[in-house]
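Coordinate inspection notes
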Amino acid sequence: MSTVVGGVPAQAAPTWSVPACGQVTGGAGGLTFTWSDGHYLTRTATELRPITVVSDIEALAAPNTLLAVDDFGKLSQSRDAGCSWTQIATLGGQPPYAITAAGGASAYVWSRANDELLYRVDGTKVTELPRIPSAEVGNLLALAVDGKHLRAVTSTGVVLDSVDGGQSFQRRGVTPQPVLGWWIWGYEGSIGRNLDHIVLGTSSDGVYTTFDGGFTWTSSRLSAEPKHRINVFSVAVSPADENVVWAEGLDTTELDAGNTRAQGRHLWRSTDGGRTFTVAVDHDPATVTLTNGVPLAPHPTDPDVVYFEYGTWFANYGTDLYAYDAGTGRLSTGHSGQDGINAITFNPAFPQVLYLGLVEVR
């Protein structure tokens, strides 16, 4: 699932085109695209084989340019809107990796593991930058870019700033304090187009949000019951409207109380930047499956729409790609035979084209 950055500048979007191919080459069969919300995936020239896990995929501002990285550290680039892919580097460190666009054909690629490797990509040139001291601040959950200004949030709620393009980082603000007295460990973070807006999902305290870059934090329990312990696995600020924030997780108090149908699992939506949330989608074994840490992909122009997935190799089930529209309450499902979709991004000019990073474990 990648994290939110400044996004593709508006002036760059018209220079993008739709992928003019009926088959994707390169990418070891793990990279494809869909025009139909996952009902049909463009075939790949290479058969997808186990074990393949695409960590992240990102559309850049440069026309028709995408980057993708898999769990083996293979970094690939497409310059024809996703029709063909070429490996440009093999990264060190440990997966999973994430990609943050940085304007033009540039990006930062970073490890979400504790070794905190950070790379700068400029076209096909890949430069390793100094490591971020993860032992002191926890592993990175989100990274956002505005020129040479980089801002990150870590799993312990520490906000980090770099003003020299990632050569060095300094701590900023304060860390959020647990409401219920439990240690907070963040699973996922998201930073909006406004870099001061950061949302952190925690292991028991729901969501913490800051609007001033980490100097003050607001806690949201996500439940009308303030004592509920809620484990938030995924969060995402909408690039279309910063007031809209999506979160997916497990209400462990609700689960312990015997809610067997939803099993305490929900997709929540906020319309006030993450201060308060309401349930948008319940887990339901008959219609929608929510698991621990599904990738959330908010639509780039419609704040009502978010994409997420459920995939498994078990019993050859395959993958469901869900599209939920809060405006209509409609949930659509596109099914495919892969074991999972681990990364989703959109064509900047034609967002009906979704680029997908696949998983195969069988």
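1. Thoughts on the state of the cysteines
For the structure on display, the rule yields one disulfide. The side chain of Cys 21 participates in a disulfide bridge whose partner is Cys 83; the two sulfur atoms lie 2.1 Å from each other. Because the torsion about its S-S bond is -100 degrees, the bridge between Cys 21 and Cys 83 counts as left-handed. Separated by 62 residues along the polypeptide, Cys 21 in the segment before strand S1 (23–24) and Cys 83 in the loop between strand S6 (74–78) and strand S7 (86–90) bring together distant segments of the chain.

2. A closer look at a nonpolar patch on the surface
Among the surface-exposed residues, Ile 51, Phe 72, Trp 313, Phe 314 and Val 361 lie close enough to one another that they form a single nonpolar patch of about 560 Å² accessible area. Mapped onto the fold, Trp 313 is located in the loop between strand S25 (305–312) and strand S26 (318–325).

3. Some details on the confidence of the model for the protein
When pLDDT is low, close inspection of the predicted coordinates is not appropriate. Confidence in the prediction for the protein averages 90 pLDDT; 92% of positions are at 70 or higher. The model gives residues 1–13 a pLDDT under 50, and that stretch makes 45 contacts with residues more than four places away or in other chains.

4. A word on the sheet that holds strand S27 (residues 330–336)
If you trace the four strands from one edge of the open sheet to the other, you get S24-S25-S26-S27, paired in antiparallel fashion. Edge strands, defined here as strands with exactly one partner in the open sheet, are strand S24 (297–298) and S27. As judged from the eight bridges shared by S25 and S26, these two strands associate in the antiparallel manner. Within S26, the residue paired with Tyr 307 across the bridge is Ala 323.

About the cut-offs
Residues numbered from 1 in each chain as written. Predicted model: local features only at pLDDT ≥ 70, side-chain atom pairs only at ≥ 80, totals over all residues. Heavy atoms only, no water. Disulfide = S-S within 2.5 Å. Helix = DSSP H or I, 4+ residues; strand = E, 2+ residues; numbered from the N terminus. Patch = residues over 30% accessible without salt bridge, like charges linked within 9 Å, V, L, I, M, F, W, Y side chains within 5 Å. Areas by Shrake-Rupley, 256 points an atom, 1.4 Å probe, with all protein chains shown as cover. Salt bridge = Lys/Arg side-chain N within 4 Å of Asp/Glu carboxyl O. pLDDT = per-residue confidence, 0-100. Contact = heavy atoms within 4.5 Å. Pairing = 2+ DSSP bridges.

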